[in-house]
Each structure stands twice: as structure tokens, then as C-alpha cells.
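# Summary of the model geometry
Residue-level listing of the chains:
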Number of protein chains: 2
Amino acid sequence: MSVLSEEQNAGEKRTIISVDAMGGDRGPATVVAGISRSAKKNPDIGFILHGPKDELEKLVARRKLLAGRVEIRDAADVVTMDDKPSQVMRSGKNTSMWSAVDSVRNGEADVCVSCGNTGALMMLSVVRLRKLPGVNRPAIAILWPSSNPQGFNIMLDVGADIRADERDLMQYALMGVSYARNGMELDRPRVGLLNVGTEEHKGRAELKAAHELISEKADEANFDFVGFVEGGDIPGNKADIIVTDGFTGNVALKTGEGTASLIGNLLREAFKFSPMSRFAALLAYTSLRRLTKRIDPRRVNGGVFLGLNGTVVKSHGSSDATGVSAAIKLAFVLAQSGFSKKLAARVASTVQLPQDDVGTGEKNGK
Amino acid sequence: MSVLSEEQNAGEKRTIISVDAMGGDRGPATVVAGISRSAKKNPDIGFILHGPKDELEKLVARRKLLAGRVEIRDAADVVTMDDKPSQVMRSGKNTSMWSAVDSVRNGEADVCVSCGNTGALMMLSVVRLRKLPGVNRPAIAILWPSSNPQGFNIMLDVGADIRADERDLMQYALMGVSYARNGMELDRPRVGLLNVGTEEHKGRAELKAAHELISEKADEANFDFVGFVEGGDIPGNKADIIVTDGFTGNVALKTGEGTASLIGNLLREAFKFSPMSRFAALLAYTSLRRLTKRIDPRRVNGGVFLGLNGTVVKSHGSSDATGVSAAIKLAFVLAQSGFSKKLAARVASTVQLPQDDVGTGEKNGK
């Protein structure tokens, strides 16, 4: 802690983010470039960086901006994209990912960022940070470009678990509300429950039951429940938060990414078609750049693990420096707002002994 | 039958399509404009048009191209978008939709096209046409713009049923293969099973069981099974046919449509931003038009109901004349290839007494 503590006197209110330097597709140089970018933009961030000490020291030394703002924690091993989560739990104690999560566990950092293997990161986070009391299944929430004024919707779960019953879905709604309030400054977010139609009689039994449960919590937890929404509403402006199970959410997320990338490729092809269209492309450059910036997945990089004692931000495995920097910004905003504690309070205040609370009518709907 | 039979002598090989003129958002004038467009392009199509006789006679009389090529079947009632399917089954005998489906049932037409209420059309089709022997759940298949050489992938089920077990998924694979062969002329289509990861151990139990079942049928039914695919592969080139349950498929379809439409809107906005960008847009017009044409949902209009004794094409409720004409073209291609009979043969040859066939190992996977 020596380096950081000394510097702490200078930049008093520095917020510490724990960063896993390894496991991303582009290696630690990209991660260091990303934290350097964040450090430049924001003087209030400090970093604990986890990975092989010698390698990281060299990378950090090259960036003058990072002098005195990074503490390196030596971790010799790396979790690869192919490692099975259970295997990492058994023999991953010396990995940078384990070390990065443990900095949150130990209270040295409020939020952890990693570009590594999602499954392993999730399992490590659950085991090391533990679930919040009352939370059955944690969730991964992402930001989705949308036609809403804030430019993004929150969708969860996008893949922490492939199942979710009505109580899980209700908790996703509460966690999403807390995220929207602290991460996007929406006072009274609108929650929609993803289904194949908007009529109340439609869909699977657990969705009808969840509809009832979420509806009951809306006033108390200060959000608007807009009821069932459809796939087309994920990038739309009917709701700010889209609640769904991790199977459906993961398919929807990847379908949206795939569709956007297909259109991008076709657009590039279209502009390459003739000399005339190449000339048009030159003129259209700034317009297209504006569009690209608006829907650039790197700029909304960061799936957030919710429902744990501490917050973990999962950056895309293929993140470049811009992507890593975006994930760190998100981690900083959440850390600054005291998100982890607020979320815990929110869940605790609305979930009383969930196992025993069977007196309501929703079980009949099944 | 008078008009059509007389004309039949002139255009000998005319293929008859049964068309529901009512129930679309834009009314019968748009449907008549659509069939007129198809009639112009293709001299081999004849139509049986269902709806209120007086209204339709006036609309058809205005189009000289349609003279002698349309037989009108009087049906006074209309199925609206708000009608519940069960209600249509009870009291919908005089609707244009019922009449349109019954023309396939009676063998007067091989394929039926409707822009009406999907749920009602599905229930009517199942009850009036009946399921093929061995098919438990019929499916709706759609074409999805993709980076494959043929420009499209087939995805099913996108909403006929919200559930599907491993046997249903296996039958979707077989039906999709038959569709790809007859509708897209792919000799040996590649089938992918939609999941949240590509590793064999991932996903829900029924998906693992379906993986085994589909894999077993691949050689016999002459297709390639590429295993699990993810949401990003729906518009990709890893598979030609994406198999999934109707809940997931419906969400994916609407998410893709919503994402494409968001990007379209943002693109329009970007080009309106400044005089310079408006000028660029003018120059880029043909390039953008080429792109729009490539992903225009109207040009791939038509969800196909599979697994019944006869084929039903569901056109978008909001279809304009171009959309209706695209759905009719698809109906024509399928009718000409004898698709309904070939699909029935395919299912019959590979599904022997499905209820009794429990001797294989796939049950152990559950």
C-alpha cells in the first residue's frame, strides 16, 4: 500500500479501482493504456493493478501519468478464456483475477474491473464476495444504446444464470432500479419485463407471477412498472430497465450486437461500391463517425455484476484502451455514488425473509 | 371457381395462392395492390381472394392486370388484431381468414397468405389443416438478413409456441432443412442450435438433449449440424438454419428488428445534422439505398407456418404492397416446389412413432 498511501495525501479523495491486468484478448499493455487514459481524464482515480509484477512494472513505468497512482499486486497466474470456472475455484488462488476480486473483498477497493473469462469472474465474485442477504441469483446488467433521452437502457440478466424464477426477476428489477439511479441518475426509472407480447395473459407462468410481484414493489421502491415489453423495446424508449432471465438476455444481447455489426459491414460495403459512393463516404465521414460514436460498443463497455457484497465490472474480452477506459469510468461512477452499499440497502429493505414470504397471491398464478 | 377455371386453359400451369384480403393494418386496397404487383411480375400465379365481395370486386376491377386471375370468395367478417384466437375459433367461420385457410384445406390452393392476427392465424391453421403426423408443435420460420452467400438465414420457431422440448427442437431442425432446400435451394444446409455458449456442456437440459438428437439425424436427413450457436450467429454465416424455442426466437427477432430500426433512425439523424452532412447524404443516396434494400424487412416478408398439412405464410400486419408481394412470391416458390408434400415426407421418414421411440440414450442427458 506504500505508494498509494503516500500519494493519497496529495489527491485526498482518490477513489480506488481494483483492475485485473490479465486475461483480456489484447494483454496487459492494453489494460495499462486504458487506465492511463482514465487517469488523465480523471485525477480522482487511483488503481490497484493485479498481475505479474515485473511485466506490469515495466508497462506502468512507461506512462508518466501513472506515477504514484498505481499500486501493483503481484499475481503470477492468469485465468484464460478456456478455463472452466470450477477449475479456477480449485487452483486459481494465484491468478490476477482472484487477487483483483479480493481487493474488493478486503475493502481496499469498492469496485473491481476485469476483461477476463466471464464465467470464472462470476463464480469467483460469488464465492469471494458472497451474495447479498436475500439475493438468490446475482445478475449481469449491461447498457444498451436506445432512443431514450439518456441514450441507453439497462438490461439484466444477460448471462449470470440461465434460469430465473419470479422472485429472481423481481430482484433483478430492484437491482436494475438501484443501478439506474446511481449509474444514470434516473430518479424514477421505468421497468419493463421482457415477454413475447404485452398482454397480461401472455407468456410463461413465471412471467405472469413476476408481473404481479414487480407491480407490488413499484410504489415502495419508487419506480414505474410499465408491464410486459417486447424485444423491440430493448433499444426503445418505453422502459429504462429491461428485466429478463439470463438465457433470453444473453441471446438478445448477442443478437443485437450481431445485427449492429452486420449493418455496419453492409454500410461499409455500400460505400465502397463505386467511386461516387467512396466520395460520398468521405463527405459523410463526420456524420457516420457521429453515429458510430453513438452506438460504439466500446463506449458502453462494462457488464456490471449485481447482487453481491461489492461491485464487479466485466469489460469485453476484446476491449481496447478505449473500452477499458469506459469500463473504469463506469466503475468510478458507481464507486463514487456508494452504489454497492445503496444496492444492498435497497435489496434488504424490500426483501424480507423471501423464503417464508408465501402469503401473497402470486403462487396461484403458476 | 368459374373465372379461374376458364382462365386456367390459357395459363395452363398457373399456381393458385389463397390470399386473405382483410386483417392487415392497411386494409384490402394494399393487399390487392400487392397481388397486382405479383401478377405483373409472374404470369404463372392465380389468386383466390377472401373478403367482403362487393368491396373486393371494386378493388380488383380497377386493376386490369388482375382480370381473369382472381377469384373472389365472399367472407363478411374480419379477424381483428385484438381478437383472441379462441374467440375466432368459436365464432370466426365467416371471416376472410378462415375462408383463406380452408382453401388450402380443400386442396384448391397449396399455400395461403394472410397479413392478419398471428395468434388467430396459427390456431386456425392448426385446427383446420391439422398437424402433420409425428409433429407435436408446429413452428413459424422467418428469413433473417445474414452475411451468408444466400443473404439470409432461416430461424425457427419465432413464436408459434413459447415452449419446445428436445424432440420439438429436433423436428424444427428437420422442417428448417426442408424449407432451406425448397425455399432457398440449399442442398445441404447447416443447422445450428441457439444457446448461450458454444461448448457442449452449456445451457439448459433440453438443449443438451436436443444437441444429441439433432446430431443423430444429420446424416440420414442430409444436413450439417454445426452444434450450438449464439445470438451473434443469427445474422452470421456459421449456420443457414437457427433452431430455437418460440419464446427465445420471438425475443431475438424483435430485438434484431428494433436494433436495425434504431440504427436506421440514428443514421437518418446523423445525415440531417449539418448542411454538409445533408449534401453527403444526397451523394450517398444510392449507396444507402442499396443497403436499405439489402436489409429491408419488406423484402423478406413472410413467416412460414411449418408442420401442418399445407403451408401458411404470415405477412407482417403493417405490410405495404411491396411486403404483400414479397410474401406472395415466397408462397409461390414454396407451392411450385411442392414444399408441403416434401416437408410431410421428410418428417414422416425420420420420425417413427415418436412417443414410443425411447430406446436411444438422450433421455439420460436430462
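Scroll up to find the structure.
This section reports on the structure supplied with the text.

Cut-offs and rules
Residues numbered from 1 in each chain as written. Chains lettered and ligands numbered in written order. Predicted model: local features only at pLDDT ≥ 70, side-chain atom pairs only at ≥ 80, totals over all residues. Heavy atoms only, no water. Helix = DSSP H or I, 4+ residues; strand = E, 2+ residues; numbered from the N terminus. Buried < 20%, exposed > 50% of the residue type's maximum accessible area, 1.4 Å probe, protein only. Contact = heavy atoms within 4.5 Å. Areas by Shrake-Rupley, 256 points an atom, 1.4 Å probe, with all protein chains shown as cover. 1 Å grid on protein atoms, 1.4 Å probe; cavity = no way out; pocket = protein on both sides within 12 Å on 5 of 7 lines; lining within 4 Å. Points joined across faces, edges and corners; volume = space filled by probe spheres on them. Nonpolar A, V, L, I, M, F, W, Y, C, P; charged D, E, K, R; others polar. Phe/Tyr/Trp six-rings, centres within 6.5 Å; stacked < 30°, edge-to-face > 60°. Lys NZ or Arg CZ within 6 Å of the ring centre and 35° of its normal. Pairing = 2+ DSSP bridges. Right-handed = clockwise from strand over helix to strand, strands pointing away. Patch = residues over 30% accessible without salt bridge, like charges linked within 9 Å, V, L, I, M, F, W, Y side chains within 5 Å. Salt bridge = Lys/Arg side-chain N within 4 Å of Asp/Glu carboxyl O. Lys, Arg positive; Asp, Glu negative; His and termini not counted. Charge placed at Lys NZ, Arg CZ, Asp CG, Glu CD. Polar contact = N/O pair within 3.5 Å; in protein donor to acceptor, adjacent residues only side chain to side chain. Expected span 1.5 Å × (residues − 1). Axes fitted to C-alpha atoms, helices over the stretch in contact; angles between N-to-C directions. Parallel < 35°, antiparallel > 145°, perpendicular 65-115°, else oblique. Left-handed = near helix turned anticlockwise from the far one by under 90°.

### Examining the overall build of chain A
Broken down by element type, chain A carries 13 helices and eleven strands. Here chain A holds 366 residues, and the buried ones make up 59% of them. In chain A, of all internal contacts separated by at least 6 residues, the share reaching a separation of at least 24 is 73%. Counting every atom, chain A has about 15,200 Å² of accessible surface; 50% of that belongs to carbon and sulfur.

### Considering helix 5 (residues 96–105) of chain A
A large share of helix 5 of chain A lies buried, amounting to nine of its ten residues. Regarding helix 5 of chain A, the residues found buried are A:Ser96, A:Met97, A:Trp98, A:Ser99, A:Ala100, A:Val101, A:Asp102, A:Ser103 and A:Val104.

### Brief notes about empty space enclosed by the protein
Enumeration over the complete set of coordinates arrives at three cavities of 30 Å³ or more. Every residue lining the largest cavity is listed: A:Ala164, A:Leu169, A:Leu194, A:Arg204, A:Glu206, A:Leu207, A:Thr244, A:Asp245, A:Thr248 and B:Phe247. Grouping the amino acids of the lining of the largest cavity by side-chain chemistry returns five nonpolar, two polar and three charged.

### Structural notes on the packing of aromatic side chains
This model, assessed by the stated rule, comprises two aromatic pairs over all chains. Consider the rings of A:Tyr179 and A:Phe339, whose centres lie 6.0 Å apart with planes at 50 degrees: the pair is tilted. With a gap of 160 residues between them, A:Tyr179 in helix 7 (residues 166–183) and A:Phe339 in helix 13 (residues 339–350) connect regions that are remote in the sequence. The residues A:Tyr179 and A:Phe339 share a single accessibility class, namely buried. Directly above the ring of B:Phe247 sits A:Arg204, whose terminal nitrogen or CZ lies 4.0 Å from the centroid.

### Overview of the pairing of strand 8 (residues 224–229) of chain B
Residue and element names in this part refer to chain B. With five bridges connecting them, strand 7 (residues 190–194) and strand 8 associate as parallel partners. Bridge pairing in strand 8 places Gly-192 opposite Gly-227. You can see the chain leave strand 7, run along helix 8 (residues 205–217) and come back into strand 8, and the turn it takes is right-handed.

### Brief notes about a positive patch on the surface
On the surface, A:Arg37, A:Lys40, A:Lys41, A:Lys58, A:Arg62, A:Arg63 and A:Lys329 cluster together into a patch of positive charge. Considering each element in turn, the positive patch owes the most residues, three residues, to helix 2 (residues 27–41) of chain A.

### Some points on the environment of A:Glu57
Residue and element names in this part refer to chain A. Of note, Glu-57 is situated in helix 3 (residues 53–61). Judged by its relative accessible area of 39%, Glu-57 falls in the partly exposed class. Sequence-wise, Glu-57 and Ile-72 are 15 residues apart; in three dimensions their C-alpha atoms are separated by 7.4 Å.

### Overview of the side chain of B:Asn117
Residue and element names in this part refer to chain B. Counting through the fold element by element, Asn-117 comes out in the loop between strand 4 (111–114) and helix 6 (118–129). Here Ala-120 takes part through its backbone nitrogen, which lies 3.1 Å from a polar atom of the side chain of Asn-117. Every residue in contact with Asn-117, bar those within four places of it in the chain, is listed here: Val-79, Thr-80, Met-81, Asp-82, Asp-83, Met-97 and Lys-314.

### Some points on helix 9 (residues 246–272) of chain B
Look at helix 9 of chain B: 39 Å from first C-alpha to last across 27 residues, which is about the 39 Å you get at 1.5 Å a residue. The backbone nitrogen of B:Phe247 has a side-chain oxygen 3.0 Å away, supplied by the residue at the start of helix 9 of chain B, namely B:Asp245.

### Brief notes about the pairing of strand 4 (residues 111–114) of chain A
Every other side chain in a regular strand lies on the same face of the sheet, so the side chains alternate between the two faces. Residues and elements named next belong to chain A. Both faces of strand 4 are covered, namely the face carrying Val-111 and Val-113 and the face carrying Cys-112 and Ser-114. Sheet topology places strand 1 (residues 15–20) next to strand 4; three bridges connect them, and they run parallel. Across the sheet, residue Val-19 finds its bridge partner in strand 4, namely Val-113. One ladder, built from four bridges, connects strand 4 with strand 11 (residues 311–314); its direction is parallel.

### Re the pattern of salt bridges
Tallied over the entire structure, the rule returns 22 salt bridges over all chains. A salt bridge links A:Arg163 to A:Asp161; its shortest N-O distance comes to 4.0 Å. B:Asp240 is the partner of B:Arg190 in a salt bridge, and the nearest nitrogen-oxygen pair spans 2.8 Å. Of this pair, B:Arg190 sits in strand 7 while B:Asp240 sits in the loop between strand 8 and strand 9 (241–243); the two residues are 50 residues apart in sequence, bridging distant segments of the chain. Under the relative-accessibility criterion, B:Asp240 is labelled buried at 4%.

### With respect to the packing of helix 2 of chain A against helix 12 (residues 321–336) of chain A
Residue and element names in this part refer to chain A. Put simply, helix 2 and helix 12 touch, their axes get as near as 7 Å, and they point 55 degrees apart. Accordingly, the angle class assigned to the pair helix 2 and helix 12 is oblique. In this structure, helix 2 meets helix 12 at a crossing whose hand is right-handed. Between helix 2 and helix 12, the contacting residues are Thr-30, Val-31, Ala-33, Gly-34, Ile-35, Arg-37, Ser-38 and Lys-41 on the first element and Ala-321, Thr-322, Val-324, Ser-325 and Ile-328 on the second. Among the residues making up the contact of helix 2 with helix 12, the classes are represented as six nonpolar, five polar and two charged.

### Brief notes about unusual backbone geometry
Residue and element names in this part refer to chain A. The linkage connecting Leu-156 with the following residue, Asp-157, adopts the cis geometry, with an omega of -5 degrees. Tracing the backbone shows Asp-157 in the loop between strand 6 (152–156) and helix 7. Positive phi, normally seen in glycine, also occurs at Arg-130, with a value near 70 degrees. With respect to the element layout, Arg-130 can be found in the loop between helix 6 (118–129) and strand 5 (139–145). Unusually for a residue other than glycine, Asn-222 sits at a positive phi of about 60 degrees. Tracing the backbone through its elements, the reader meets Asn-222 in the loop between helix 8 (205–217) and strand 8 (224–229). Classification of Asn-222 as partly exposed rests on a relative accessible area of 32%.

### Side note on the sheet that holds strand 7 of chain B
Residues and elements named next belong to chain B. Strands sit in the order 3-2-1-4-11-10-5-6-9-7-8 across an open sheet of eleven strands; the sheet is mixed. Every interior strand has two partners, whereas the edge strands, strand 3 (70–74) and strand 8, have only one. On average, each strand axis in the sheet is tilted by 25 degrees relative to the strand beside it, whichever way the strands run. For strand 6 (residues 152–156) and strand 9, the ladder comprises three bridges, and the chain directions are parallel. Across the sheet, residue Leu-156 finds its bridge partner in strand 9, namely Val-243. Across the face of the sheet, helix 3 (residues 53–61) comes into contact with strand 2 (45–51) and strand 3 while running at roughly 160 degrees to strand 3.

### A closer look at the environment of A:Asp20
Residues and elements named next belong to chain A. The residue Asp-20 is located in strand 1 in this model. Classification of Asp-20 by relative accessible area gives buried; the value is 2%. In contact with Asp-20, not counting residues within four places along its chain, are Val-31, His-50, Ser-96, Met-97, Ala-100, Val-113 and Ser-114. Reaching out from Asp-20, the side chain makes a polar contact with the side chain of Ser-96 at a distance of 2.6 Å. Engagement of the side chain of Asp-20 in a polar contact is seen with the side chain of Ser-114, the distance being 2.8 Å.

### What to know about the sheet that holds strand 6 of chain A
Residue and element names in this part refer to chain A. Taken in spatial order, the eleven strands make up an open sheet running 3-2-1-4-11-10-5-6-9-7-8, and their pairing is mixed. The two strands at the open ends of the sheet, each matched to only one other strand, are strand 3 (70–74) and strand 8. Averaged over all pairs of adjacent strands, the angle between strand axes in this sheet comes to 25 degrees, irrespective of strand direction. Most of the contacts of helix 6 go to strand 11, to which it runs at about 175 degrees, and overall it touches strand 4, strand 5, strand 10 (303–306) and strand 11.

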